[in-house]
Amino acid sequence: ETLIPLKFNPTLYVQIGDPDQLPATITSKAARGNGFDKSMMHWLIKDNQQPYKMFITQYQMHEDICHFISNQYYENLPLRY
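This structure is a prediction, so every number in the text was calculated from the model and none was measured.

Criteria and thresholds
Residues numbered from 1 in each chain as written. Predicted model: local features only at pLDDT ≥ 70, side-chain atom pairs only at ≥ 80, totals over all residues. Heavy atoms only, no water. Helix = DSSP H or I, 4+ residues; strand = E, 2+ residues; numbered from the N terminus. Rg over C-alpha atoms; globule rule 2.2 N^0.38 Å. Buried < 20%, exposed > 50% of the residue type's maximum accessible area, 1.4 Å probe, protein only. Areas by Shrake-Rupley, 256 points an atom, 1.4 Å probe, with all protein chains shown as cover. Lys, Arg positive; Asp, Glu negative; His and termini not counted. Charge placed at Lys NZ, Arg CZ, Asp CG, Glu CD. 1 Å grid on protein atoms, 1.4 Å probe; cavity = no way out; pocket = protein on both sides within 12 Å on 5 of 7 lines; lining within 4 Å. Points joined across faces, edges and corners; volume = space filled by probe spheres on them. Nonpolar A, V, L, I, M, F, W, Y, C, P; charged D, E, K, R; others polar.

**As for the overall build of the chain**
A tally of regular secondary structure across the chain gives three helices and zero strands. For the chain, the N- to C-terminal ordering of α and β elements is α-α-α. For the chain, the C-alpha radius of gyration of 15 Å lies well beyond 12 Å, the compact-globule estimate for 81 residues. Considering only C-alpha atoms, the chain reaches an extent of 40 × 35 × 20 Å along its principal axes. Across the 81 residues that make up the chain, the buried fraction comes to 14%. On the chain, roughly 7200 Å² of surface is accessible, and the fraction owed to carbon and sulfur atoms is 56%. Charge centroids of the chain, computed over 7 positive and 8 negative side chains, lie 9 Å from each other.

Here it is, written out as structure tokens:
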């Protein structure tokens, strides 16, 4: 469904999410070999260096968990809570 809007040649395309979230479960070696184990957001940002903005305000986590996530997964990005 993320590809459907591209059919209409938009001048701006916005995706909201986390490119580092858990990937899809892919059991097919052929599918994995063709890159279907990555989200479109990961493909755009990580593999094709497209510009992005990371939101740094966290509303749903306890402060201690937020610090752990920041240190473990986001290179000590100072997430606000």
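**Here's the deal with the layout of surface pockets**
Here the largest pocket defines a volume of roughly 840 Å³. What lines the largest pocket is a set of 26 residues, among which G17, D18, P19, M41 and K53 lie closest to the centre. When contributions to the lining of the largest pocket are tallied by element, the ones reaching two or more residues are α2 (40-47) and α3 (63-73). Counted by class, the lining of the largest pocket contains 17 nonpolar, six polar and three charged residues.

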